[in-house]
Each structure stands twice: as structure tokens, then as C-alpha cells.
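Examination of the molecular architecture
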Number of protein chains: 2
Amino acid sequence: MQTTNNLSPSITRADTVFIDLRQRIVEGDIKTGSKLSEPELSKYYEISRSTLRDALSRLEGCGLLERKANIGYRVVTLSTQKLLEIFRVRESLEGMACRLAAQNMSASQIADLKHLLEVHNQHESLQQGEAYIQEEGDLDFHFRIVMGSGNILLTRLLCEELYYLVRMYRYQFGMASPRAKRAFSEHHHIIQAIEDKDGELAEILMRRHISASRKNVEKRMNTL
Amino acid sequence: MQTTNNLSPSITRADTVFIDLRQRIVEGDIKTGSKLSEPELSKYYEISRSTLRDALSRLEGCGLLERKANIGYRVVTLSTQKLLEIFRVRESLEGMACRLAAQNMSASQIADLKHLLEVHNQHESLQQGEAYIQEEGDLDFHFRIVMGSGNILLTRLLCEELYYLVRMYRYQFGMASPRAKRAFSEHHHIIQAIEDKDGELAEILMRRHISASRKNVEKRMNTL
DNA sequence: AATGGCTTTATTGTCGACAATTAAAACTAA
DNA sequence: TTAGTTTTAATTGTCGACAATAAAGCCATT
């Protein structure tokens with residue numbers, strides 16, 4: 001029997017351009033607030049404007065681009081205000097994700113996550129102050145907990161929309177978090193609550209964890 | 001000086017089709033899970049496939065359509081499982097919105113909201129059991145609180161993505177909530193907390209309010 | 001009759017060109 | 001020179017057509 005191959009990638013030109021543009025925007029290669037010229041980009045990627053616009057519309061869906069009728073697409077502008085808004089949304093969504101993860105994560109998933117934490121701890125002690133790896137590790141931790149929630153909608157909102165914005169801020173605002181060790185400890189407490197199947201505590205701890213990062217940004221903002 | 005008219009609507013063909021399709025999908029005129037034929041729809045609206053696809057891509061961004069490469073767009077399918085996921089997300093996001101609304105809503109905004117509640121109460125006592133008005137009123141209440149949060153990202157996620165899905169479920173699952181009076185009372189308590197600037201309580205009450213709806217669906221699901 | 005492969009048809013992906021709108025440049029008048 | 005207006009150029013919105021892929025129909029074989 002020929003099973004209807006539901007997992008056929010069928011990668012399309014617009015897909016590859018979408019992924020490449022997304023990376024260039026997140027990493028700041030295409031500057032914040034800059035206008036995207038359709039003729040220019042279609043020439044760059046050697047594709048037609050139609051397929052480019054397909055890719056651009058998806059990037060708008062991710063919240064990385066903004067569009068005005070008859071004017072065109074612009075890369076979103078970053079601001080401390082918007083960053084604080086993201087923290088608020090993450091606090092609520094990831095708090096819920098953590099509560100659900102405590103209910104739904106399997107023993108092996110939890111074991112994997114604990115192992116991941118150990119690996120990150122090794123890295124941290126080896127290359128102390130290496131902010132990049134640290135931050136990527138942090139996001140990896142959060143990513144896995146969201147996946148562990150088993151809530152597809154929640155996962156889509158966080159992993160396919162917000163996290164690209166989060167990475168964009170980290171790249172371009174360069175937040176070398178001074179709370180590395182504390183963050184690691186908080187991660188440890190969170191996973192303990194998940195292991196104990198204490199969803200209520202897990203949510204509280206995750207919310208505090210993210211809220212602390214937000215307050216950290218607010219504090220720095222006030223000193224500037 | 002000619003101020004650059006930033007508020008020029010510049011309504012485009014794709015915009016009107018987008019809005020019309022959105023309504024037809026939400027109200028079930030275009031059936032859940034059905035495949036959208038681009039040639040057919042472009043003929044129906046008397047537009048080219050290009051501008052139709054523009055509208056469709058935006059509907060995908062709203063979570064009303066799903067797309068597979070080389071296969072096309074389908075209206076999302078509804079399920080109790082997905083509805084429960086929406087409730088979880090709403091519980092977290094609207095809880096946060098309510099907390100922020102308690103901090104940020106102006107006195108006049110709060111007064112307007114209280115007035116709205118009274119109007120809804122009148123309607124409810126006049127046309128008892130008229131589920132439609134009741135449900136629309138409920139969503140209007142939630143809508144205003146989200147707006148009152150002052151968090152643009154939060155507002156975008158809820159009002160431009162989730163609420164259309166919520167209305168779609170209400171139209172097509174026809175949830176004549178048996179908790180009308182209780183819901184009204186809960187709304188009253190929530191706005192009281194907001195008026196008292198008690199963000200923590202406001203969040204708890206809103207979460208309970210939404211959680212109760214979710215449990216209501218879960219209960220009904222078990223009896224079927 | 002049912003299954004597997006092939007052919008045909010239809011749909012989506014991609015392309016280039018024209019029309020409508022906006023932004024820039026050039027021009028005129030004070 | 002500067003403000004306002006007109007003209008020009010560039011960009012986006014829209015269109016129809018072709019190519020690539022998937023679905024449907026057909027035939028042969030078991």
C-alpha cells in the first residue's frame with residue numbers, strides 16, 4: 001500500500017528564500033527598519049517577484065516584517081518598549097507551557113532535558129562568559145519545555161513567531177546577561193518541579209525566571 | 001507642510017477579499033477542512049490568482065487556513081482538542097492582559113467598560129437565552145480588556161489571530177453556554193479588581209473565568 | 001475483481017509584463 | 001532661496017501564461 005506521504009518536504013523556492021531571509025533579518029544582516037526592495041531582492045535571489053512576495057508574506061506572519069499597502073515591506077524596528085512587551089507575553093505563555101509540561105512530559109523527555117542542562121553547565125564552566133553559547137542554550141531549554149507542553153497552538157505561537165523575534169533582539173541588542181549562574185540555577189529548579197509533576201510550582205518558577213530577565217532589562221534601561 | 005499621510009487606508013483588492021473570505025470562513029459559509037481552489041475563488045471574486053494568493057497568505061497568518069506545498073490551502077479543521085488548546089492559551093494571555101489592564105486602564109476606559117456591562121445585562125434580561133448576543137457581548141468584554149492592557153503584541157496575538165478562531169468555534173460548535181449568569185457575575189468581579197488596581201487579583205479572576213469555560217467544554221466532551 | 005503502473009488532467013509554483021500608486025526630481029513663482 | 005506645483009521615475013499591485021507537481025482516470029496484469 002502506498003501511504004499518502006504526508007511528510008513530503010516538497011521544498012520550494014519560496015521556502016528557501018523565506019528561511020534565508022529570516023536568518024539574515026534575525027542576525028541583523030538586513031538592518032532593522034530598512035525597507036525591502038522587491039526588485040532588488042528578486043534579482044539577488046534570482047527569482048521572480050511573485051515567489052519573493054510569497055516569502056515576504058510569510059515573514060510578515062512571523063512578525064519580522066511589516067507591510068503597508070502601496071509602500072512595501074520593512075523590517076520591524078526594535079525598541080526596549082517592544083522587548084518588554086515580548087517578556088510579558090513570554091511570561092504568560094511559557095508559564096502555561098511549563099505548567100502543562102509538568103503534566104505531560106515523559107520520563108525520557110525529562111531525562112533528556114536534565115542531560116541538556118548538564119552539558120550546558122559544562123560549557124559554561126569551560127568557556128566562562130561566552131555569552132553566545134549561553135544564550136542559545138537558554139533558548140534551547142525554553143524551546144524544549146514548550147515542546148513538552150504538548151499544546152500545538154502554544155508551540156506555534158512561541159517557536160514559530162516569538163522566538164525568532166527573541167533571537168533577533170539577542171543578536172542586535174547583544175544582551176550579555178549578567179545573570180548566567182542564577183539563570184542556570186533557576187532552570188534546575190524548574191525542571192525539578194516538572195519532575196515532581198508540580199505544574200503549579202513549575203508555572204510560578206518559569207514566570208519568575210522570565211520576569212527576572214525583564215526586570216533586568218528595565219533596570220538597565222533606567223540607568224541609560 | 002504636507003504631513004506624510006500615515007493613515008492612508010489605500011484599500012486594495014486583496015484587502016477586501018481577505019476580509020470577505022475571513023468572514024465566510026469564520027461563519028462557516030466556507031466549510032471547515034474544505035480545500036480552497038485558487039482558480040475557482042479567483043473567478044468568484046473576479047480577480048487574478050496573484051491577488052487571491054495574497055489574501056490567502058494573510059488568512060494563513062491568522063491561523064484560519066493551512067497550506068501545504070504543491071497541494072494548496074485548506075480551511076483549518078475544528079476539534080475539541082484544539083478548542084481546549086485555545087482555552088489554555090487564552091487563559092494565560094488574557095490573564096496577563098487583565099493584570100496589565102489593572103495597571104494601565106484609564107478611569108474613563110473603566111467607566112466605559114462598566115457601562116458596557118450594564119447594557120449587556122439589560123439585553124440579557126430582555127432577551128433571555130439569546131445566546132448569540134450574549135456570546136458577542138462576552139467577546140466584546142474580553143476584547144476591551146485586552147486593548148486596555150496597552151500591550152501591542154498581546155493585542156495583536158489575541159485580537160488578530162485567536163479571536164477569529166474563537167468566533168469560528170462559537171459559530172460552528174454553537175456553544176450556548178449554560179453559564180451565562182455566572183459569566184456576567186464574573187465579568188463584574190473582574191472589572192472591580194481592575195478598578196481597584198489589583199492586577200494580581202484581576203489576573204487570577206480572569207484565569208478562573210476562562211478556565212471555567214474550558215472545564216465546561218471538557219465536561220460536555222466527557223458526556224458525549 | 002483488485003492491484004500496480006502509466007497516461008491524462010487539473011492544480012499549484014513560478015515567471016515576466018502592464019497598470020496604479022507613491023516617491024523623487026525638475027520646474028516655476030514669489 | 002524657498003515654497004509649491006508639475007513632471008518624471010521607481011515601486012508596488014495586478015494580471016495572464018507557462019512549468020512543475022500532484023490528483024484522477026485508464027489500462028494491463030495477476
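Cut-offs applied
Sequence positions are assigned chain by chain, starting from 1 and proceeding in written order. Whichever chain is written first becomes A and whichever ligand is written first becomes 1, with later ones labelled in order. Only residues with pLDDT of 70 or above have their local features reported here, since the model is predicted, and side-chain atom pairs are shown and tallied only from 80 upward, although totals for entire chains, interfaces and linings are computed over all residues. With hydrogens and water excluded, all non-hydrogen atoms of the structure serve as input to the side-chain values. We define a salt bridge as a side-chain nitrogen of Lys or Arg found within 4 Å of a carboxyl oxygen belonging to Asp or Glu. Think of it this way: any DSSP run of H or I at least four residues long counts as a helix, any run of E at least two long counts as a strand, and we number them from the N terminus. The cut-offs for exposure are 20% and 50% of the maximum accessible area for each residue type, with area from a 1.4 Å probe on protein chains only; residues under the lower value are buried, those over the upper are exposed, and the others partly exposed. Strand pairing follows a simple DSSP-based rule, namely that at least 2 bridges must link the two strands. We call a residue near a molecule or strand when any one of its heavy atoms sits within 4 Å of it. Any pair of N or O atoms that falls within 3.5 Å is considered a polar contact. Within protein, one atom must be able to donate a hydrogen and the other to accept it, and sequence-neighbouring residues count only if both atoms are side-chain atoms. When the copies are superposed, the least-squares fit draws on C-alpha atoms of residues that have pLDDT of at least 70 in both. Pairs of residues are marked as contacts when any of their non-hydrogen atoms sit within 4.5 Å. Here the nonpolar group is Ala, Val, Leu, Ile, Met, Phe, Trp, Tyr, Cys and Pro; Asp, Glu, Lys and Arg are the charged ones; every other residue, Gly included, is treated as polar. In short, buried area is how much 1.4 Å probe accessible area vanishes from two parts on joining, totalled over both.

All right, on to the pattern of salt bridges then. Applying the stated criterion across every chain yields a total of 34 salt bridges over all chains. One salt bridge in this structure joins Asp54(B) and Arg53(A), with 4.0 Å as the shortest N-O distance. Placement of the pair is Asp54(B) in helix 3 (residues 49–61) and Arg53(A) in helix 3 (residues 49–61), with the two residues belonging to separate chains. Taking relative accessible area as the criterion, Asp54(B) reaches 15% and is therefore assigned buried. Of the residues examined, Arg53(A) reaches a relative accessible area of 29% and is grouped as partly exposed. Here Arg58(A) makes a salt bridge to Asp54(A), at a shortest N to O gap of 3.4 Å. With Arg58(A) and Asp54(A) both in helix 3, this residue pair falls 4 residues apart, about one helical turn.

Bringing unusual backbone geometry into the picture now. We note that Lys197(A) has phi near 60 degrees; this positive angle belongs to a residue other than glycine. Within the secondary structure, Lys197(A) is located in the loop between helix 8 (180–195) and helix 9 (199–223). Judged by its relative accessible area of 48%, Lys197(A) falls in the partly exposed class. Here the phi dihedral of Asn70(B) falls at roughly 65 degrees; this positive angle occurs in a residue that is not glycine.

Residues and elements named next belong to chain B. Pairing is antiparallel in the open sheet, where 3 strands are placed in the order 1-3-2. Two strands bound the open sheet, and with one partner strand each, they are strand 1 (35–36) and strand 2 (65–68). As judged from the 2 bridges shared by strand 1 and strand 3 (residues 72–75), these two strands associate in the antiparallel manner. Within strand 3, the residue paired with Leu-36 across the bridge is Tyr-73.

Next up on the list: the protein's contact with DNA strand C. The environment of DNA strand C is formed by 22 residues, the closest being Thr12(A), Arg13(A), Ser48(A), Thr51(A) and Lys35(B). A share of 66% is what sugar and phosphate atoms reach among the atoms of DNA strand C within 4 Å of the protein. In the model, a phosphate oxygen of DNA strand C is placed 2.7 Å from a nitrogen or oxygen of the Arg13(A) main chain. One of the side-chain N or O atoms of Ser50(A) is found 2.9 Å from a base nitrogen in DNA strand C. Put simply, the parts of the chain that give the surface near DNA strand C at least two residues each are helix 1 (13–26) and helix 3 of chain A together with strand 1, helix 2 (38–45) and helix 3 of chain B. With 3 residues, helix 3 of chain A is the largest single contributor of residues to the surface near DNA strand C.

Here the focus is the relation of the copies chain A and chain B. Taken as rigid bodies, chain A and chain B are interconverted by a rotation of 180 degrees and an axial shift of 0.0 Å, the fit giving an RMSD of 0.1 Å. Here the symmetry operator amounts to a two-fold rotation axis. When you check the interface residues of chain A against chain B, 97% turn up at the interface there too, and the contact is symmetric in its surfaces.

Around DNA strand D lies a shell of 22 residues, among which Lys35(A), Thr12(B), Arg13(B), Ser48(B) and Thr51(B) are the nearest. Here DNA strand D approaches the protein such that, of its atoms within 4 Å, sugar and phosphate make up 67%. Leu36(A) is positioned such that a nitrogen or oxygen atom in its backbone is 3.3 Å from a phosphate oxygen of DNA strand D. Between Thr12(B) and DNA strand D, the recorded distance is 2.5 Å, taken from a side-chain N or O atom to a phosphate oxygen. Within the residue set of the surface near DNA strand D, elements represented by two or more residues are strand 1 (35–36), helix 2 (38–45) and helix 3 of chain A together with helix 1 (13–26) and helix 3 of chain B. The dominant element in the surface near DNA strand D, judged by the number of residues it contributes, is helix 3 of chain B, at 3 residues. For the surface near DNA strand D, the residue count by class is 7 nonpolar, 8 polar and 7 charged.

On the secondary structure map, Glu135(B) appears in helix 6 (residues 131–148). Counting along the chain gives 21 residues from Glu135(B) to Lys114(B), while the straight-line C-alpha distance between them is 17 Å.

Below, the discussion takes up the side chain of Arg90(B). Residues and elements named next belong to chain B. Looking at the element boundaries, Arg-90 is found in helix 4 (residues 80–104). Residue classification places Arg-90 among the buried positions, given a relative accessible area of 4%. Polar side-chain contacts of Arg-90 include one of 3.4 Å to the side chain of His-142. Arg-90 has contacts with Gly-95, His-142, Leu-162, Tyr-163, Val-166, Arg-170 and Ile-210, leaving out every residue within four places of it along the chain.

With 34 residues of chain A in contact, the opposing surface of chain B contributes 33 residues. Between chain A and chain B lies a buried interface of about 2600 Å² when both sides are counted; carbon and sulfur atoms form 50% of it. Of all residues in chain A, Glu85(A), Arg88(A) and Leu153(A) give up the largest surface area on contact with chain B, accounting jointly for 20% of the area buried on that side. A salt bridge links Asp54(B) to Arg67(A); the nearest nitrogen and oxygen atoms lie 3.0 Å apart.

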